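Okay, here's what each chain looks like letter by letter:
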Amino acid sequence: MRIKSLMGYFSIYSLIAFVITGILLSWVISNHIKNDRLNSFKGIANIIVNSTIKDTLNESDYKDAIKGANKIHILNDLEYVIDYYKLKSVSIINRENITILSSDNLLIEKEITDTDIIKQVIKGQIVSTKPYKFETLSADTDVSEVFDIYAPIKYKGKNVGVFRMIVPYKEISMHTDMLISIISKTQFFGLFILFFLLLRIIHSASKTLVNQNKELNEKKIKLEESYKRLNKSYLNTVISLSNAVDARDPYTAGHSTRVAKISLEIGGVLGFSEDRLKALEYSALFHDIGKIGIPDYILNKKDKLTDKEYEIIKKHPDIGVNILQTIDFMAGNLSIIRHHHERYSGGGYPMGLSGKEIPLEARIIAIADTYDAMTSDRPYRKGLPEEAALNEIIKNKEIQFDGKLVDAFIVAKSKLSLHKD
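Residues numbered from 1 in each chain as written. Predicted model: local features only at pLDDT ≥ 70, side-chain atom pairs only at ≥ 80, totals over all residues. Heavy atoms only, no water.

Peer 1: Explain the overall build of the protein chain to me, please; I cannot follow it from the model alone.
Peer 2: The helix and strand inventory of the protein chain stands at 13 helices and six strands. A buried classification covers 38% of the 421 residues belonging to the protein chain. Long-range pairs, those at least 24 residues apart, make up 61% of the contacts in the protein chain with a sequence separation of at least 6. Taken as a whole, the protein chain presents about 24,800 Å² of accessible surface, with 57% of it coming from carbon and sulfur. (Helix = DSSP H or I, 4+ residues; strand = E, 2+ residues; numbered from the N terminus. Buried < 20%, exposed > 50% of the residue type's maximum accessible area, 1.4 Å probe, protein only. Contact = heavy atoms within 4.5 Å. Areas by Shrake-Rupley, 256 points an atom, 1.4 Å probe, with all protein chains shown as cover.)

Structural data, given as structure tokens:
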């Protein structure tokens with residue numbers, strides 16, 4: 001009788017616990033997903049403003065309806081976003097609350113009735129509305145409930161307009177509906193299985209889990225220690241190899257280490273993750289490893305190189321790639337090393353790439369490499385003062401270097417002491 005009673009209590013309490021847990025879990029997770037998706041759409045709106053609209057329009061364009069090439073350009077750029085996120089429409093509204101551009105022609109020159117929202121956005125806030133029934137303005141009747149995202153459009157700190165996205169609410173609700181369905185099914189099957197199994201094994205399983213958890217924690221500690229030692233060994237190997245390259249020319253001693261330090265600071269300004277910063281550091285330390293294959297008489301030549309000698313020098317990125325291609329932890333960084341001598345406007349080597357064809361990390365190393373080279377003493381010249389070298393970097397924005405990365409370098413330089421030892 002006692003066993004049956006215990007099983008009965010277990011069944012009742014399990015049912016109550018599962019129902020309460022399921023309701024709370026559904027509510028918490030569904031709200032979290034809603035907020036997460038909402039914030040995601042706010043971020044998308046902000047990205048569209050900064051990467052598409054502001055690059056196409058000037059401050060003066062917000063006075064009247066946008067037409068002609070500017071309209072076609074913006075709508076073409078937004079077509080993929082509209083399709084991908086199944087947006088109802090996107091619009092641009094000026095400070096007078098008039099829609100001056102929209103993917104839905106019936107919205108053009110319409111006023112937004114909720115002027116309080118527009119005032120909030122003009123003050124610099126990104127605002128979302130509650131779901132509402134969409135009043136159909138075109139032939140598309142798929143969306144019955146939507147919400148709006150409003151984002152400010154700023155030029156030099158001044159808000160000149162508002163970007164509006166009309167988003168189907170099902171883009172949020174379908175995720176929560178699916179989640180609630182999964183949780184409900186899990187409750188049912190979990191309770192069914194738990195009733196027949198947990199009662200018999202709960203005691204022995206708990207003891208086993210405690211022992212296993214203890215063993216796993218011990219293994220985790222050992223693995224973390226081994227991983228740290230391995231990473232340190234990798235880094236020491238990288239530094240030793242990069243120093244071996246620099247040692248061939250006493251005038252460039254420490255060059256690779258300095259380039260890595262500058263590159264990491266730029267990567268930090270750009271918000272790189274820890275893994276990406278590590279890849280950038282290794283690539284910077286190894287960027288000149290190919291000079292191992294360049295004859296000393298060329299590397300240490302005090303006079304101007306001949307055309308033939310310069311062609312040999314230009315081979316060092318590919319030589320470096322050939323040296324490193326069998327090293328597992330460098331496999332993803334080879335293109336960075338190969339292209340760190342490309343020019344942003346084209347005409348660099350070894351492939352003459354331009355713009356964003358050049359890997360981002362390679363564009364970063366190009367700035368750090370050039371800056372350190374200009375400020376270092378060589379047999380044939382004295383190193384430039386830091387200010388003069390910085391001016392040269394700025395002068396070559398959008399020519400030799402990516403302009404946005406030059407701006408990041410200026411910020412990085414203010415945080416980092418770049419003086420030579």
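Peer 1: Sorry if this is basic, but what is going on with the side chain of Asp 148 here?
Peer 2: Within the element layout of this structure, Asp 148 appears in strand β5 (residues 145-155). Reaching out from Asp 148, the side chain makes a polar contact with the side chain of Tyr 132 at a distance of 2.8 Å. In contact with Asp 148, not counting residues within four places along its chain, are Val 127, Ser 128, Thr 129, Tyr 132, Arg 164, Met 165 and Ile 166. (Polar contact = N/O pair within 3.5 Å; in protein donor to acceptor, adjacent residues only side chain to side chain.)

Peer 1: What am I meant to see in the side chain of His 287 here?
Peer 2: Note that His 287 resides in the loop between α6 (274-286) and α7 (296-299). A polar contact of 2.5 Å, which involves the side chain of His 287, links it to the backbone oxygen of Ala 284. Engagement of the side chain of His 287 in a polar contact is seen with the side chain of Asp 369, the distance being 3.4 Å. Filtering out sequence-adjacent residues up to four positions away, His 287 remains in contact with His 255, Ser 256, Val 259, His 316, Ile 337, His 340, Ile 365 and Asp 369.

Peer 1: Looking at this structure, I do not really get the nonpolar core. What am I missing?
Peer 2: When a protein is soluble and globular, its nonpolar side chains tend to lie buried together. Residues Ile 53, Tyr 62, Ile 92, Ile 153, Phe 163 and Met 165 are the most contacted members of the largest nonpolar core, which totals 30 residues. Taken together, the elements giving at least two residues each to this core come down to α1 (2-56), α2 (68-84), β1 (89-94), β2 (99-102), β5 and β6 (158-168). In terms of residue count, the dominant contributor to this core is α1 (seven residues). Non-local contacts of Met 165, meaning those with residues more than four positions away in its chain, are made with Phe 41, Ile 44, Ala 45, Ile 48, Leu 87, Ser 89, Val 90, Phe 147, Asp 148 and Ile 149. (Core = buried A, V, L, I, M, F, W, Y, C linked by side-chain atoms within 4.5 Å.)

Peer 1: Looking at this structure, I do not really get the pattern of salt bridges. What am I missing?
Peer 2: Side-chain pairs of opposite charge can arise where the charged atoms are in close proximity. Considering all chains together, one arrives at twelve salt bridges under this definition. Salt-bridge contacts for Arg 338 lead to Asp 318; the nearest nitrogen and oxygen are separated by 2.8 Å. You can see Arg 338 sitting in helix α10 (residues 334-338) and its partner Asp 318 sitting in helix α9 (residues 316-324), a full 20 residues away along the chain. (Salt bridge = Lys/Arg side-chain N within 4 Å of Asp/Glu carboxyl O.)

Peer 1: I'm lost on a nonpolar patch on the surface in this one. Help?
Peer 2: Together, Ile 12, Tyr 13, Ile 16, Ile 20 and Leu 24 line one region of the surface with nonpolar side chains, adding up to about 520 Å² of accessible area. Looking at the element boundaries, Ile 12 is found in helix α1. On the accessibility criterion, Ile 12 (47% relative accessible area) is partly exposed. (Patch = residues over 30% accessible without salt bridge, like charges linked within 9 Å, V, L, I, M, F, W, Y side chains within 5 Å.)

Peer 1: Sorry if this is basic, but what is going on with the environment of Leu 107 here?
Peer 2: Its location among the elements puts Leu 107 in the loop between β2 and α3 (115-122). Take Leu 107: its relative accessible area is 8%, and that puts it in the buried class. Taking the C-alpha atoms as reference points, Leu 107 and Ser 91, 16 residues apart in sequence, are found 7.9 Å from one another.

Peer 1: Just checking my understanding: could you explain the packing of α6 against helix α11 (residues 360-375) for this structure?
Peer 2: The relative placement of two packed helices is expressed as an angle between their axes plus a distance between the axes. Packing of α6 against α11 leaves a shortest axis separation of 10 Å and a crossing angle of 50 degrees. With respect to each other, α6 and α11 are oriented oblique. Crossing handedness for the pair α6 and α11: right-handed. Here Arg 276, Leu 280, Ser 283 and Ala 284 of α6 lie close against α11, whose contacting residues are Leu 360, Glu 361, Ile 364 and Ile 365. Residues that form the contact of α6 with α11 fall into these classes: five nonpolar, one polar and two charged. (Axes fitted to C-alpha atoms, helices over the stretch in contact; angles between N-to-C directions. Parallel < 35°, antiparallel > 145°, perpendicular 65-115°, else oblique. Left-handed = near helix turned anticlockwise from the far one by under 90°. Nonpolar A, V, L, I, M, F, W, Y, C, P; charged D, E, K, R; others polar.)

Peer 1: I'm lost on the confidence of the model for the protein chain in this one. Help?
Peer 2: Low pLDDT means the predicted coordinates in that region are not meant to be read closely. Across the protein chain, the average pLDDT comes to 81, with 81% of residues at 70 or higher. Ranking the elements of the protein chain by mean pLDDT puts helix α4 (residues 170-246) last with 70 and α10 first with 95. (pLDDT = per-residue confidence, 0-100.)

Peer 1: Just to check I follow, could you spell out unusual backbone geometry for this structure?
Peer 2: Most peptide bonds adopt trans geometry, and most residues besides glycine take a negative phi value. Across the junction of Tyr 349 and Pro 350, the peptide omega takes the value 10 degrees, indicating a cis bond. With respect to the element layout, Pro 350 can be found in the loop between α10 and α11. Phi angles above zero are rare outside glycine, and Asn 97 is one such case at about 70 degrees. Within the secondary structure, Asn 97 sits in the loop between β1 and β2. The exposure class of Asn 97 is buried, given its relative accessible area of 8%. Of note, Lys 156 is a non-glycine position whose phi angle comes to about 55 degrees, a positive value. A relative accessible area of 89% means that Lys 156 is categorised as exposed.

Peer 1: Is there a simple way to explain helix α12 (residues 386-395) in this structure?
Peer 2: Within the span of α12, buried status applies to Glu 386, Ala 389, Leu 390 and Ile 393. Along the long axis of α12, the arc covered by the buried residues comes to 100 degrees, so they all point the same way. Residues Glu 387 and Lys 395 are exposed on α12 and point more than 90 degrees away from its buried face. (Arc of directions from axis to C-beta.)

Peer 1: Sorry if this is basic, but what is going on with α9 here?
Peer 2: Since one α-helical turn is 3.6 residues long, residues separated by three or four positions face the same way. Taken as a whole, α9 has its buried residues at His 316, Pro 317, Gly 320, Val 321 and Leu 324. Along the axis of α9, the buried positions cluster into a sector of 145 degrees, meaning they face one direction only. For α9, the secondary structure elements touched by its buried residues are α6, α8 (307-313) and α10.

Peer 1: Could you clarify how one ought to interpret the packing of α11 against helix α13 (residues 403-415) in this entry?
Peer 2: At a minimum axis separation of 10 Å, α11 and α13 run at an interaxial angle of 55 degrees. Classified by the angle between their axes, α11 and α13 sit oblique to one another. Along this stretch, α11 crosses α13, giving a crossing that reads as right-handed. Mapping the contact onto sequence places Leu 360, Arg 363, Ile 364, Ile 367 and Tyr 371 in α11 and Leu 405, Val 406, Phe 409 and Lys 413 in α13.

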